[in-house]
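# Descriptive structure summary
So you can see what is in the structure, the chains are spelled out below.
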Amino acid sequence: MLVLVSVTNPEIAPDQLDGLVTVLDLVRSGEARTRPELARRSGLGRTVVTQRLGHLLASGLIEEGALGPSTGGRAPRELRFRAGAGVVLVAELGARGMTVGLTDLAGELLDHRALDWDIATGPDATLTRVEALFDELLVARPAASVWGVGIGLPGPVEFVSGRPVAPPIMPGWDGHPVRRRLGARYSAPVWVDNDVNMMALGEVRSGVARDVQDIIFVKIGTGIGAGLVSQGRLHRGAQGCAGDIGHISLGGAVAGAAETVCRCGNTGCLEALAGGGALARDATTAARDMRSGALADRLAEAGTLTGPDVVRAAEFGDPLAVELLQRSGALVGETLAALVNFFNPAMILLGGSVGASGDLLLAAVRQAIYRRSLPLATRHLQIVRSSPCGQSGLRGAAFMVVDELFSRERLGHWIAEGTPIGSPDAIRLIS
Ligand SMILES: [Zn+2]
């Protein structure tokens with residue numbers, strides 16, 4: 001098994017490390033911009049703040065800028081996180097496409113590429129293509145040093161080992177050592193997670209849900225999955241598969257549930273009845289039965305139908321497409337109503353190629369949630385579409401990497417070098 005191992009660094013005492021992480025987090029998040037602000041917000045004494053800040057300035061992680069506003073005495077210099085010290089390579093792989101990008105250490109997307117791609121092609125061909133796109137982005141920035149790599153995959157991932165575990169739509173990927181391969185190629189630490197977790201993290205840190213502490217991000221693409229953020233932190237669960245709501249059974253209460261076999265092998269799963277794949281299947285049947293002229297035309301033209309085809313047909317007023325989307329939204333909403341009572345989120349975000357498009361689905365989801373949830377749980381609940389640019393997953397992947405690099409468990413192992421690159425004893429990759 002491949003795991004990232006942290007080794008205790010004898011040079012930095014635990015209380016020093018705590019102070020370094022606290023000061024760095026406050027500057028990184030913009031909560032403190034001057035020394036007096038740091039002293040106030042960190043709860044550390046002025047001397048300790050000066051020492052820890054000195055360490056971070058010497059390491060090149062923080063720099064001093066122009067004079068900040070004076071509050072009477074000598075004007076303090078503004079402190080800035082050096083987001084440009086390194087770059088993070090990020091990729092979000094979906095069932096039918098991939099987006100690959102490059103960010104700075106503050107999660108700002110500097111460049112990206114998108115490509116239609118079938119994840120079922122397998123890990124070797126897929127990762128070869130990801131590497132080719134990464135290399136293309138790096139060629140344009142020859143001075144960039146890669147501090148880490150973050151990958152989102154459309155299936156369950158064991159976060160500790162960075163390996164996909166029995167992903168239903170990714171034949172050949174079970175247990176694949178994604179981390180080892182990319183870590184060896186880029187000589188940088190690699191973290192791998194479920195794509196929906198990445199999207200949830202991206203939205204909370206720099207998207208629609210910025211500054212919201214408790215959210216459920218629901219991705220409705222070909223399948224259905226969710227990412228949970230509780231008290232501002234991603235909730236991955238014991239094994240990393242928290243939020244896998246697509247395979248919640250709707251039981252016999254829903255017409256056709258008992259006969260609908262899911263790709264996971266069970267019957268009556270939410271995604272088998274309401275995901276983009278289900279929409280495509282039901283739309284194809286309807287088109288063949290000539291119950292929808294618009295969908296029949298699209299089928300004749302393209303040879304197959306997809307979830308987004310149904311969304312487009314509904315937007316043009318096709319009654320059958322509208323009915324299919326409303327049914328899908330009602331089933332997703334009823335499932336979410338139970339989760340709202342259980343988890344009490346402040347915001348639910350709908351994303352993915354089907355979830356983020358059009359008002360029809362959103363309206364049906366809202367209606368079902370408000371009808372079925374406790375009044376107290378929905379009093380201030382916002383139900384919205386995710387960020388329109390669709391780049392929340394890439395930004396989330398960058399935040400995942402940077403948060404790990406600057407965590408208490410890892411920072412002490414490489415800060416003496418000023419960079420996690422070429423510091424194999426600090427963040428080791430072992431098999
Ligand atoms: Zn299932």
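Residues numbered from 1 in each chain as written. Predicted model: local features only at pLDDT ≥ 70, side-chain atom pairs only at ≥ 80, totals over all residues. Heavy atoms only, no water.

## Overview of the confidence of the model for the protein chain
Condition: One confidence number per residue, pLDDT, is output by the predictor and ranges from 0 to 100. Helix and strand assignments come from DSSP, with helices taken as H or I runs of at least 4 residues and strands as E runs of at least 2, each series counted from the N terminus.
Of all residues in the protein chain, 93% have pLDDT values of 70 or greater, and the mean over the chain is 90. When mean pLDDT is compared element by element in the protein chain, helix H4 (residues 123-139) scores highest at 97, while strand S16 (residues 427-430) scores lowest at 46.

## Considerations on the layout of surface pockets
This is how it is decided: Here the term cavity refers to a set of points on a 1 Å grid, laid over the protein atoms alone, in which a 1.4 Å probe fits but cannot get out; the term pocket refers to an open set having protein on both sides within 12 Å along at least five of seven lines, with lining residues being those that place an atom within 4 Å of a point. Grid points are joined across faces, edges and corners, and a volume is the space filled by probe spheres set on the points. Here the term charged refers only to Asp, Glu, Lys and Arg, the term nonpolar to Ala, Val, Leu, Ile, Met, Phe, Trp, Tyr, Cys and Pro, and the term polar to all other amino acids, Gly among them.
Each pocket or cavity is described by its volume, and for the largest pocket that value is around 1300 Å³. In terms of lining residues, the largest pocket is bounded by 39 residues, among which Asp-25, Arg-28, Ser-29, Arg-205 and Asp-403 are the most central. At the level of elements, helix H1 (14-28), strand S3 (77-81), helix H6 (195-206), strand S13 (233-234), helix H15 (392-405) and helix H16 (408-414) are the ones that each hand at least two residues to the lining of the largest pocket. When residues of the lining of the largest pocket are assigned to their parent elements, the largest contribution, six residues, is made by H1. Of the residues belonging to the lining of the largest pocket, the class tally is 17 nonpolar, seven polar and 15 charged.

## Examining the packing of aromatic side chains
Convention followed: Side-chain rings of Phe, Tyr and Trp (the six-membered ring for Trp) are treated as a pair once their centres are within 6.5 Å; stacked means planes under 30 degrees apart, edge-to-face means over 60, and tilted covers the remaining angles. Each residue is assigned to one of three classes by its accessible area relative to the maximum for its type, calculated with a 1.4 Å probe on protein chains only: buried under 20%, partly exposed between the two thresholds, exposed over 50%.
Counted under the stated rule, the structure contains four aromatic pairs. Pairing Phe-81 with Phe-406 gives two aromatic rings, centres 5.6 Å apart and planes at 90 degrees, and the pair type is edge-to-face. You can see Phe-81 sitting in strand S3 and its partner Phe-406 sitting in the loop between H15 and H16, a full 325 residues away along the chain. One exposure class covers both Phe-81 and Phe-406, and it is buried. With centroids separated by 5.8 Å and ring planes inclined at 85 degrees, the aromatic side chains of Phe-134 and Tyr-186 adopt a geometry described as edge-to-face. Taken together, the residues span a long stretch of sequence, with Phe-134 in helix H4 and Tyr-186 in helix H5 (residues 178-186) at a distance of 52 residues.

## Some points on the nonpolar core
We count it as follows: What makes a nonpolar core is a set of buried Ala, Val, Leu, Ile, Met, Phe, Trp, Tyr and Cys residues whose side-chain atoms join them at distances within 4.5 Å. For this analysis, residues touch if any pair of their heavy atoms sits within 4.5 Å.
Among the nonpolar cores identified, the biggest contains 46 residues, and Ile-216, Val-218, Leu-336 and Ile-348 are the most heavily contacted of them. A total of eleven residues in this core trace back to one element, the largest contributor, which is helix H11 (residues 319-343). Look past the residues within four positions of Val-218 in its chain and what remains in contact with it is Ile-224, Gly-225, Ala-226, Ile-245, Leu-336, Ile-348, Leu-349, Leu-350 and Gly-351. Counting residues in each nonpolar core, the second largest holds 41 residues, with Leu-26, Val-27, Leu-56 and Met-198 among its members.

## Re the state of the cysteines
Our working rule: To count as a disulfide, a pair of cysteine sulfur atoms needs to be within 2.5 Å.
By the definition in use, this model includes zero disulfides. The structure places no disulfide on Cys-241, whose sulfur is separated from the nearest cysteine sulfur, that of Cys-264, by 13 Å.

## Section: the packing of helix H10 (residues 307-315) against H11
Selection rule: Only C-alpha atoms enter the line fits that serve as axes; for helices the fit covers just the stretch in contact. Angles between N-to-C directions range over 0 to 180 degrees. By the definition adopted for this analysis, an angle is roughly parallel if under 35 degrees, roughly antiparallel if over 145, roughly perpendicular if from 65 to 115, and oblique otherwise. By the definition used in this description, the sense in which the near helix is turned from the far one sets the handedness, with an anticlockwise turn below a right angle giving left-handed and a clockwise turn giving right-handed.
Close contact between H10 and H11 brings their axes to 7 Å; oriented N to C, the two are set at 120 degrees. The angle between H10 and H11 places the two elements in the oblique class. Here H10 runs over H11; the crossing is left-handed. On H11, the residues that touch Val-310, Val-311, Ala-313 and Ala-314 of H10 are Ala-321, Val-322, Leu-324 and Leu-325. Considering only residue class, the contact of H10 with H11 consists of eight nonpolar, no polar and no charged.

## Details of the domain arrangement of the protein chain
Defined as follows: An automatic or database domain assignment supplies the start and end points of every domain. Simply put, the buried area is the total loss of 1.4 Å probe accessible area from both parts when two parts are fitted together. Counted as salt bridges are all cases of a side-chain nitrogen of Lys or Arg within 4 Å of a carboxyl oxygen of Asp or Glu. As used in this structure description, the phrase polar contact means that two N or O atoms lie within 3.5 Å; if the pair is within protein, one of them must be able to donate a hydrogen and the other to accept it, and residues adjacent in sequence are counted only when both atoms belong to side chains.
Parsing the protein chain into structural domains produces domain 1 (3-81), domain 2 (85-201 + 391-414) and domain 3 (211-385). Each of domain 1 and domain 2 has a C-alpha centre, and the two are 29 Å apart. Counting residues at the interface gives 16 residues for domain 1 and 20 residues for domain 2. With both chains or domains summed, domain 1 and domain 2 bury close to 1400 Å², and 64% of this area falls on carbon and sulfur atoms. There are two salt bridges connecting domain 1 and domain 2. Here Asp-403 and Arg-28 are joined by a salt bridge, their closest N and O atoms 3.3 Å apart. The interface formed by domain 1 and domain 2 contains three residue pairs in polar contact (both at pLDDT 80 or more). If you list the elements that add at least two residues to the side of domain 1 that touches domain 2, you get strand S1 (3-6) and H1.

## Side note on the packing of H11 against helix H13 (residues 359-372)
Between H11 and H13, whose axes approach to 7 Å, the crossing angle comes to 40 degrees. The pairing of H11 with H13 is recorded here as oblique in orientation. The chirality of how H11 crosses H13 is right-handed. Its residues assigned to classes, the contact of H11 with H13 shows 13 nonpolar, five polar and three charged.

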